[in-house]
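Below, each chain spelled out in residue letters.
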Amino acid sequence: MLTLLSYGEALIDFLPADNALNSYYPMAGGAPANVAVAYAKLGGNSYFAGGISEDNFGDFLLGQLEHEKVNTKYVERIANANTAVVLVSLDDNGERSFNFYRHQSADTKYQATDIDNIDWQSIDIFHYCSNTLTSERMFDNTVYAINKASANHTLISFDVNLRLQLWDNVAQLVTRVTQAIRHSDLIKLSREEAEYLAGAMNMDYAQFTAHLLAIGPKLLLVSNGEGDVHAISRTFLLLLPVPRVTVVDTTAAGDSFIGGFLFSLSQQSQALSVGTALTNEQIITEAVMFAVKCGAHTCQQKGAFAALPDNNMFTF
C-alpha cells in the first residue's frame, strides 16, 4: 500500500442546519485534510501535514483526524493563533458558497522547518491544493515541500481548488498556479476552474489543457458536476460518466473524488511505479470510475469527514 501525505489546511466548516440559515453547526474540514481522511477511510495509509491551533477547535480537528486513522505525526500545533473557519451556504441543488475567516490562522503558519521534519523517503504520494499558494510565504513553503517530494521521487498531486477570496493578491494567482502545475504529476480541477484559468491565459479549454500537458503533468482530471469527467494525458482522452444521485451537499465531493482516485491508483500500482500508472489508460479508467462513486456518495450527505465513504458505504 502506497503512503499519502496531504499538505495544507484543516479548518472548521460551519454548515447550515436549515435552508433559512438560522443556525450553523461545526464540522471538521479543509480540502487537504478531507483528502487525507478519504484515503484513510478507504483503507490507505495517510498522513496530514499542516498547522493546527491549540484552541478548542484545534483539539477537535486533531481528534477527528486521529479518529479517522489519519497519522498526525507531521501536524504542528500552533500557539496564539485561531483555527480558520468557513461559513458554508447551500442552494437548492446542494451547491455551496463560502465566507472564509482565515486571517493569520494556524493553518497559515506551517514553516519550512516543519517540512524538514517529514520523512520524505517514506512518502509515495504528496497531495496539496492552491490554498497554500495564496500568500507569498505559504507559496514559498509549498514550493519547498514540492521540491522535497520531487527530490525523493514522490508522485505529486495538485488539486487546483480555487477559492479567490483567500488570495492576498489575485493578480498572482495564474503565475503561482501555473508554477505549481509545472512541477506536479497529476492535476485535478473543475471545468469551471479550467475555464477561468484558460480565459486568464487567453486560451480556450482545448488549448489550455494541451498547454498544461506540455509544461509537465502526466495526467489531468477535469470534473464537471453531473457532466462527464475528462481524464487527459498525452496519449489518451477519456470521457467518463458520473452516477446520478440526489445531491444534498457538495462539500468535500471533489476531495472525495481525488482521495478515491489516489487510493485506486495506489491499489493498482503494485506492479508499476505510481508515475507510470498515470499513463496507463486501463488503470486510469478504473481509478476514475471508482473516484466518481466516492464523490457521488459524499454528495448525498452533509459535511466532509463523516460523508466520505469507506469500501462498505456506497449507496448505489
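Our structure is the block above this text.
Definitions and cut-offs
- Residues numbered from 1 in each chain as written.
- Predicted model: local features only at pLDDT ≥ 70, side-chain atom pairs only at ≥ 80, totals over all residues.
- Heavy atoms only, no water.
- Helix = DSSP H or I, 4+ residues; strand = E, 2+ residues; numbered from the N terminus.
- Rg over C-alpha atoms; globule rule 2.2 N^0.38 Å.
- Contact = heavy atoms within 4.5 Å.
- Areas by Shrake-Rupley, 256 points an atom, 1.4 Å probe, with all protein chains shown as cover.
- Lys, Arg positive; Asp, Glu negative; His and termini not counted.
- Charge placed at Lys NZ, Arg CZ, Asp CG, Glu CD.
- Phe/Tyr/Trp six-rings, centres within 6.5 Å; stacked < 30°, edge-to-face > 60°.
- Buried < 20%, exposed > 50% of the residue type's maximum accessible area, 1.4 Å probe, protein only.
- Lys NZ or Arg CZ within 6 Å of the ring centre and 35° of its normal.
- Salt bridge = Lys/Arg side-chain N within 4 Å of Asp/Glu carboxyl O.
- Pairing = 2+ DSSP bridges.
- Axes fitted to C-alpha atoms, helices over the stretch in contact; angles between N-to-C directions.
- Expected span 1.5 Å × (residues − 1).
- Arc of directions from axis to C-beta.
- Polar contact = N/O pair within 3.5 Å; in protein donor to acceptor, adjacent residues only side chain to side chain.
- Core = buried A, V, L, I, M, F, W, Y, C linked by side-chain atoms within 4.5 Å.
- Patch = residues over 30% accessible without salt bridge, like charges linked within 9 Å, V, L, I, M, F, W, Y side chains within 5 Å.
- Right-handed = clockwise from strand over helix to strand, strands pointing away.

Draft legend 1. Focus on the overall build of the protein. If you tally the helices and strands in the protein, you get 10 helices and 13 strands. Its C-alpha radius of gyration of 18 Å places the protein within 12% of the 20 Å reference for a compact globule of 316 residues. If you line up the protein on its principal axes, its C-alpha atoms span 50 × 45 × 40 Å. When contacts within the protein are restricted to residue pairs at least 6 apart in sequence, those whose partners lie at least 24 apart make up 69%. Just so you have it, the protein exposes about 12,800 Å², and 47% of that area is on carbon and sulfur atoms. Of note, the protein has its 19 positive side-chain charges centred 3 Å away from the centre of its 33 negative side-chain charges.

Draft legend 2. Fine view of the packing of aromatic side chains. Under the defined criterion, the tally for this structure stands at nine aromatic pairs. Ring plane angle 20° and centroid distance 5.6 Å describe the contact between Phe126 and Tyr128, whose orientation is recorded as stacked. A single burial state applies to Phe126 and to Tyr128, both of which are buried. Through pairs of rings, three or more aromatic residues link up here, namely Tyr7, Tyr110, Trp120, Phe126, Tyr128 and Phe158. Directly above the aromatic system of Tyr205 lies the positively charged group of Arg191, at a separation of 3.6 Å from the ring centroid.

Draft legend 3. Representation of helix α1 (residues 31–41) within the structure. With 11 of its 11 residues buried, α1 lies for the most part within the structure. Every buried residue of α1 is accounted for by Ala31, Pro32, Ala33, Asn34, Val35, Ala36, Val37, Ala38, Tyr39, Ala40 and Lys41. Directly beyond the C-terminal end of α1, a positive phi value near 115° is found at Gly43.

Draft legend 4. Region of the structure containing the pattern of salt bridges. Per the stated rule, a full pass over the model turns up five salt bridges. Note that Glu195 and Arg191 form a salt bridge whose closest N and O atoms lie 2.9 Å from each other. Of this pair, Glu195 and Arg191 both sit in helix α6 (residues 191–200), four residues apart, which is roughly one turn of the helix. Overall, Glu195 belongs to the partly exposed group, its relative accessible area being 37%. We classify Arg191 as partly exposed; its relative accessible area is 23%.

Draft legend 5. The arrangement of the sheet that holds strand β11 (residues 219–224) in detail. Across the sheet, nine strands lie side by side as β5-β4-β1-β8-β9-β10-β11-β12-β13; this open sheet has mixed pairing. Each edge of the sheet is formed by a strand with only one pairing partner; in this case those strands are β5 (75–78) and β13 (237–240). Sheet twist, expressed as the mean angle between neighbouring strand axes with direction ignored, is 15°. Where strand β12 (residues 227–232) and β13 come together, four bridges link them in antiparallel fashion. Bridged to Ile232 within β13 is Leu237. In the packing of α1 onto the sheet, the strands contacted are β1 (3–7), β4 (45–53) and β8 (125–129), and the crossing angle to β4 comes to about 150°. Seen against the sheet, helix α4 (residues 136–151) touches β1, β8 and β9 (155–159) and runs at an angle of roughly 160° to β8.

Draft legend 6. A look at helix α2 (residues 56–67). Counted at 1.5 Å a residue, the expected span for α2 with its 12 residues is 16 Å, and the 16 Å between its end C-alpha atoms agrees. Looking at α2, one finds that the buried residues are Gly58, Leu61, Leu62 and Leu65. Angularly, the buried residues of α2 cover 95° about the axis, an arc narrow enough to put them on a single face. Within α2, the exposed residues directed more than 90 degrees away from the buried face are Asn56 and His67. Contact partners of the buried residues in α2: β2 (11–16), β3 (24–29), α1, β4 and β5. The N-cap of α2, judged by a side-chain oxygen 3.2 Å from the amide nitrogen of Phe57 a few residues on, is Asp55. At the exit of α2 stands Lys69, carrying a positive phi of roughly 70°.

Draft legend 7. Main features of the nonpolar core. One finds Leu5, Phe126, Phe158 and Val177 to be the most contacted residues of the largest nonpolar core, which totals 40 residues. At five residues, the largest contribution of residues to this core is made by helix α7 (residues 205–215). Each residue touching Phe158, except ones within four places of it in the same chain, is listed here: His127, Tyr128, Cys129, Ser130, Leu133, Val177, Ala180, Ile181, Ser184, Leu186, Ile187 and Lys188. Counting residues in each nonpolar core, the second largest holds 33 residues, with Phe236, Leu278, Ile284 and Ala287 among its members.

Draft legend 8. Representation of unusual backbone geometry in the model. Within the chain, Lys69 stands out as a residue other than glycine whose phi angle is a positive 70°. Inspection of the secondary structure puts Lys69 in the loop between α2 and β5. At Asn80, a residue that is not glycine, the phi angle is positive and equals roughly 60°. With respect to the helices and strands, the residue Asn80 is situated in the loop between β5 and β6 (85–90).

Draft legend 9. Representation of a nonpolar patch on the surface in the model. On the surface, Leu164, Val170 and Tyr196 cluster together into a nonpolar patch covering about 230 Å² of accessible area. For Val170, a relative accessible area of 37% gives the class partly exposed.

Draft legend 10. Local environment of the pairing of β5. Here four bridges tie β4 to β5, and the two strands are oriented parallel to one another. Looking across to β5, one finds that Gly50 is bridged to Val75. Since β4 and β5 lie parallel, the crossover through α2 that links them has a hand, and here it is right-handed.

Read these as geometric descriptors, not functional statements.
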